[in-house]
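# A closer look at the structure
The primary structure of each chain is shown beneath.
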Amino acid sequence: MADFDRLIASRKAVVGIIGLGYTGLPLATGFAAAGFSVVGLDTDAEKINAILRGESYLPDVSDLELEELHPRLSVGTSPAAMAAADAVVVCVPTPTSHGVADLSHVDAALAAVVPHLRPGTLLVLQSTIPPGTTSAAARRLTREGGIRIGTDLYLAMAPERINPANADGWRMTNTPKLVGGFTPECTRRATVLFEQVCEQVHPVSSPEVAELAKVFENTFRLVNIALSLELSDLCRHLRIPVREVIDAAATKPYGFLAHYPGPGVGGECIPVDPLFLQPLAQLAGTDLSLVQAAHRRITERPGQVVDRIVELIAAGGGTIQQARVLIVGVSYKEGVADLRNAPALDIIRALRHCGAQVSYYDPLVPSMVLDNQAVPVAAWTPTELAAQDCVVLVTPHNRIAADPHWSAAPLVLDTRNVLTPGDNIEIL
């Protein structure tokens, strides 16, 4: 206990980060900025080479940060490098496969790294995982490796709460951090570690509480976004501006949190994490009908966008077959280049299936191949917009919503309800 605390307090502890993506790289730079030597590991050689060149691939880490932190941040692809670490944090993705959590990346990371860890190392899972995963890993390590958790190895769960390109000032440092250890000493050590880079650390009684809290956070957002979609559909028929309704409701200082409608939900959190609960609910003999309905509502939304495009083109006397459709913004969120589960992908697929000629414009995504077929890139010019049958705003990067080019398009579908109203602009 005393040795670990002294290493942390003196900044002599070495921190290992497994996975240098949207959550791992900000964590690595955070510990390096706090004065720790950091060893980063990723299987993607392109990411490793970019970091070595001082080139960031994330909106929340700048090239200058990488350059300044270079002396304290070493990266590579070999798990053996984790032998130097006093604490290791696993930040690998957890997608879904056939509707259930795919823990293969977590399992692979543990299998690769644990044999290299020295006795007394703190191992923290930060990946979003179903409740019970951390404890199952502890039992497996004891059963297969004879490792005593809480003596040979300290194991905890501390879920990530990164919001890429957050515009409201929330960063890793000022977002409260949850920590739940397999034993009280595991919790204490993980708390001591994260107190070095987070202003507030909130210990909980078990890994299961930390795991479920994270999944519930994203399930809460899923349900409320689905509700905003239903409100949006109602408002369109009532000819009431939905964003004004939500903004008006948000003036209430308690009991309400604004969620806004759009073309769907992307990323590796909201459309994925709530599915982690379904197998557990089935085992418990209960159901999650509200969550299932919300997920179905979200999943159907890109199809609704396409139906609306077809409807609007037909109303103008055209047909979707061979229609020129320009998708503006294809990443799942403003300010990021991440295409994972982006609703624009499903929209493009469906439009292609209908026979439309689809192109896209996205300043953060210079090229894109979908289903082994390149998607043509359009120029952001009045001439290009005027040549389209329909221009669809999916993701409004930067100040694109305020750009005057929109007036050049004969027909615009605004899936975000953010454009200035005009004769050529329709809402979803």
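Heads up: these notes are all about the structure in this document. (Residues numbered from 1 in each chain as written. Predicted model: local features only at pLDDT ≥ 70, side-chain atom pairs only at ≥ 80, totals over all residues. Heavy atoms only, no water.)

### Quick notes on the sheet that holds strand 2 (residues 37-41)
Within the open sheet, the eight strands sit side by side as 3-2-1-4-7-8-9-10. Their pairing is mixed. Strands at the two margins of the open sheet, each flanked by one partner only, are strand 3 (73-76) and strand 10 (201-203). Each adjacent strand pair in this sheet contributes to an overall mean axis angle of 25 degrees, direction not counted. Here helix 2 (residues 24-33) sits on the sheet in contact with strand 1 (14-18), strand 2, strand 3 and strand 4 (87-90), set at roughly 170 degrees to strand 1. (Pairing = 2+ DSSP bridges. Helix = DSSP H or I, 4+ residues; strand = E, 2+ residues; numbered from the N terminus. Axes fitted to C-alpha atoms, helices over the stretch in contact; angles between N-to-C directions. Contact = heavy atoms within 4.5 Å.)

### Some thoughts on the nonpolar core
Membership of the largest hydrophobic core comes to 100 residues, with the highest contact counts inside it found for Phe 194, Ile 309, Val 325, Ile 327 and Leu 351. Beyond its immediate sequence surroundings of up to four residues, Ile 309 is in contact with Ile 320, Val 325, Leu 351, Cys 390, Val 392 and Leu 413. Judged by nonpolar contacts, the second largest core, of 14 residues, contains Val 328, Ala 378, Leu 393 and Ile 400. (Core = buried A, V, L, I, M, F, W, Y, C linked by side-chain atoms within 4.5 Å. Buried < 20%, exposed > 50% of the residue type's maximum accessible area, 1.4 Å probe, protein only.)

### Some points on the pattern of salt bridges
Enumeration over the complete set of coordinates arrives at 20 salt bridges. Residue Lys 214 pairs with Glu 160 through a salt bridge whose shortest N-O separation is 3.5 Å. A residue pair is termed long-range when its members are at least 10 positions apart, and Lys 214 in helix 8 (residues 207-238) and Glu 160 in the loop between strand 8 (153-157) and strand 9 (177-181) qualify at 54 residues. Judged by relative accessible area, Lys 214 falls into the buried class, the value being 4%. With relative accessibility at 7%, the residue Glu 160 sits in the buried group. The salt bridge partner of Arg 301 is Asp 233, with a shortest N-O separation of 3.0 Å. Here Arg 301 is found in helix 11 (residues 289-315), whereas its partner Asp 233 is found in helix 8, with 68 residues between them in sequence. In terms of burial, Arg 301 and Asp 233 fall into one category: buried. Members of the salt-bridge network, linked through shared partners, are Asp 5, Glu 185, Arg 188 and Arg 189. (Salt bridge = Lys/Arg side-chain N within 4 Å of Asp/Glu carboxyl O.)

### Considerations on the packing of aromatic side chains
Summed over all chains, the structure comprises four aromatic pairs. With centroids separated by 5.8 Å and ring planes inclined at 85 degrees, the aromatic side chains of Phe 31 and Phe 36 adopt a geometry described as edge-to-face. Both residues of the pair, Phe 31 and Phe 36, belong to the buried class. Here Phe 31 and Phe 194 contribute two aromatic rings whose centre-to-centre distance is 6.2 Å and whose plane-to-plane angle is 55 degrees, an arrangement assigned as tilted. Separated by 163 residues along the polypeptide, Phe 31 in helix 2 and Phe 194 in helix 7 (residues 184-194) bring together distant segments of the chain. As far as burial versus exposure is concerned, Phe 31 and Phe 194 are alike and both buried. Through a chain of ring-to-ring contacts, three or more aromatic side chains come together here, namely Phe 31, Phe 36 and Phe 194. One cation-aromatic arrangement involves Lys 177 over Phe 194; the distance from NZ or CZ to the ring centre is 4.8 Å. The ring of Tyr 260 carries Arg 243 above its face, with NZ or CZ at 4.3 Å from the centroid. (Phe/Tyr/Trp six-rings, centres within 6.5 Å; stacked < 30°, edge-to-face > 60°. Lys NZ or Arg CZ within 6 Å of the ring centre and 35° of its normal.)

### Structural notes on the packing of helix 8 against helix 11
Close contact between helix 8 and helix 11 brings their axes to 9 Å; oriented N to C, the two are set at 40 degrees. Taken together, helix 8 and helix 11 sit at an angle that is classed as oblique. With respect to the hand of their crossing, helix 8 and helix 11 are arranged in left-handed fashion. Of helix 11, the residues touching helix 8 (which contributes Thr 219, Leu 222, Val 223, Ile 225, Ala 226, Leu 229, Glu 230, Ser 232, Asp 233 and Arg 236) are Leu 290, Val 291, Ala 294, His 295, Arg 297, Ile 298, Arg 301, Gln 304, Arg 308 and Glu 311. Taken together, the residues that form the contact of helix 8 with helix 11 break down as nine nonpolar, four polar and seven charged. (Parallel < 35°, antiparallel > 145°, perpendicular 65-115°, else oblique. Left-handed = near helix turned anticlockwise from the far one by under 90°. Nonpolar A, V, L, I, M, F, W, Y, C, P; charged D, E, K, R; others polar.)

### Structural notes on the environment of Thr 77
As for its placement among the helices and strands, Thr 77 is situated in the loop between strand 3 and strand 4. The spatial distance from the C-alpha of Thr 77 to the C-alpha of Glu 208 is 30 Å, given a sequence separation of 131 residues. Filtering out sequence-adjacent residues up to four positions away, Thr 77 remains in contact with Leu 41, Asp 42 and Ile 48.

### Observations concerning the pairing of strand 12 (residues 357-361)
Burial analysis of strand 12 places four of its five residues in the buried class, which makes it a mostly covered element. Of the pairings in the sheet, the one linking strand 11 (residues 324-328) to strand 12 comprises five bridges and is parallel in character. Each bridged residue has a counterpart across the sheet, and for Ile 327 the counterpart in strand 12 is Tyr 360. With respect to chirality, the unit in which strand 11 leads through helix 12 (residues 343-353) into the neighbouring parallel strand 12 is right-handed. (Right-handed = clockwise from strand over helix to strand, strands pointing away.)

### Remarks on the state of the cysteines
A disulfide bridge is the covalent bond that connects two cysteines by way of their sulfur atoms. Considering all chains together, one arrives at zero disulfides under this definition. Cys 91 takes part in no disulfide bond, and the closest cysteine sulfur, belonging to Cys 198, lies 11 Å away. In this structure Cys 269 is a free cysteine whose sulfur lies 13 Å from that of Cys 91, the closest cysteine sulfur available. (Disulfide = S-S within 2.5 Å.)

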